[in-house]
Amino acid sequence: EISAATVSEWLKNYSAVISEHANELTDLDRQIGDADHGSNMARGMTAVAALDPEPFASAAGLLKKAGMTLVSTVGGASGPLYGTFFLRLSTVIKTDGEPTAQLLADALDAGLAGIVARGKAEVGDKTLVDALSPAVDAAKQVAADDGSAAEALAKAAEAANEGRDATIEMVARRGRASYLGERSKGHQDPGATSMALLVASAARCLS
Ligand code: ADP
Ligand code: MG
Ligand code: MG
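Owing to the predicted nature of the structure, the values given are computational and were not obtained by experimental measurement. (Residues numbered from 1 in each chain as written. Chains lettered and ligands numbered in written order. Predicted model: local features only at pLDDT ≥ 70, side-chain atom pairs only at ≥ 80, totals over all residues. Heavy atoms only, no water.)

**Observations regarding the nonpolar core**
Argument step 1. Counting residues in hydrophobic clusters, the biggest one holds 57 residues, and the most contacted among them are Trp10, Phe85, Phe86 and Met195.
Argument step 2. Within the residue set of this core, elements represented by two or more residues are α1 (4-32), α2 (37-49), α3 (59-73), α4 (78-92), α5 (101-119), α6 (129-144), α7 (149-166) and α8 (190-205). (Core = buried A, V, L, I, M, F, W, Y, C linked by side-chain atoms within 4.5 Å. Buried < 20%, exposed > 50% of the residue type's maximum accessible area, 1.4 Å probe, protein only. Helix = DSSP H or I, 4+ residues; strand = E, 2+ residues; numbered from the N terminus.)

**Quick word on the coordination of the magnesium ion (ligand 2)**
Argument step 1. Protein coordination at the magnesium ion (ligand 2): the donors are Asp29 (OD), Asp34 (OD) and Asp36 (OD), at 2.0 to 2.2 Å from the metal.
Argument step 2. All donors of the magnesium ion (ligand 2) come from a single chain, and their spacing in sequence reads D-x4-D-x1-D.
Argument step 3. Here the magnesium ion (ligand 3) and the magnesium ion (ligand 2) are spaced 3.5 Å from one another, each receiving a donor from Asp34. (Donors = N, O, S within 2.8 Å, 3.2 Å for Na, K, Ca; no water.)

**Thoughts on empty space enclosed by the protein**
Argument step 1. Under the defined criterion, the tally for this structure stands at two cavities of 30 Å³ or more.
Argument step 2. Volume-wise, the largest cavity comes out at about 60 Å³.
Argument step 3. Along the walls of the largest cavity sit Trp10, Leu89, Ile93, Leu104, Ala107, Leu108, Leu153, Ala202 and Leu206, which together make up its complete lining.
Argument step 4. With three residues, α5 is the largest single contributor of residues to the lining of the largest cavity.
Argument step 5. Of the residues that constitute the lining of the largest cavity, the class distribution is nine nonpolar, no polar and no charged.
Argument step 6. Within this model, the second largest cavity holds a volume of roughly 40 Å³.
Argument step 7. Lining the second largest cavity we find Trp10, Phe85, Leu108, Leu198, Val199 and Ala202.
Argument step 8. Of the residues contributing to the lining of the second largest cavity, the split by class is six nonpolar, no polar and no charged. (1 Å grid on protein atoms, 1.4 Å probe; cavity = no way out; pocket = protein on both sides within 12 Å on 5 of 7 lines; lining within 4 Å. Points joined across faces, edges and corners; volume = space filled by probe spheres on them. Nonpolar A, V, L, I, M, F, W, Y, C, P; charged D, E, K, R; others polar.)

Here it is in structure tokens:
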């Protein structure tokens, strides 16, 4: 069931994963950015993981609060983008209940739309969109084939990993890495890496 308690488990799991990978994310950002993606995400997710789910009547309420917390605690591009992602999720996961593949696909799609509205990145621009967009497509495909919620998230996680790997060969066109132009090629995007971890965490915790 997707309840405030389930969402809280997911957020706590992702926070732990981010802490484990913080150095790796910061090292990736050192190659093509300003070496703070791991610390940015760790600061934000530590604040989110500390939220008590008790006062929130629903999954949506906690998702909304998580989004606002990320926007307010993370300086840098990733805070508003991840914040918007969770805020948009809360508009689709409105009521608690058993998730379907369609609901999860719609939720991820809404999160992606929010990130694109805010950051204007397209697929191929070497950003976290390159991990999330294929994940949305994979989840939609499972929903169209009448697959389960668990299958939708498992396929989404696989697709996100592939999308993350594909950023290595891309030239950055958004964010700090775009200042490097062609020299951004050959490096994995830090935001795509943290996004792939987010989808994998969802696959473990939400179905
Ligand atoms: P900053 O670049 O401000 O230091 P972070 O290092 O925390 O912020 O995050 C960098 C990541 O944010 C990049 O690796 C990229 O994936 C993502 N990003 C940056 N700008 C955009 C954008 N306009 N749209 C989508 N993602 C973006
Ligand atoms: Mg940075
Ligand atoms: Mg920065």
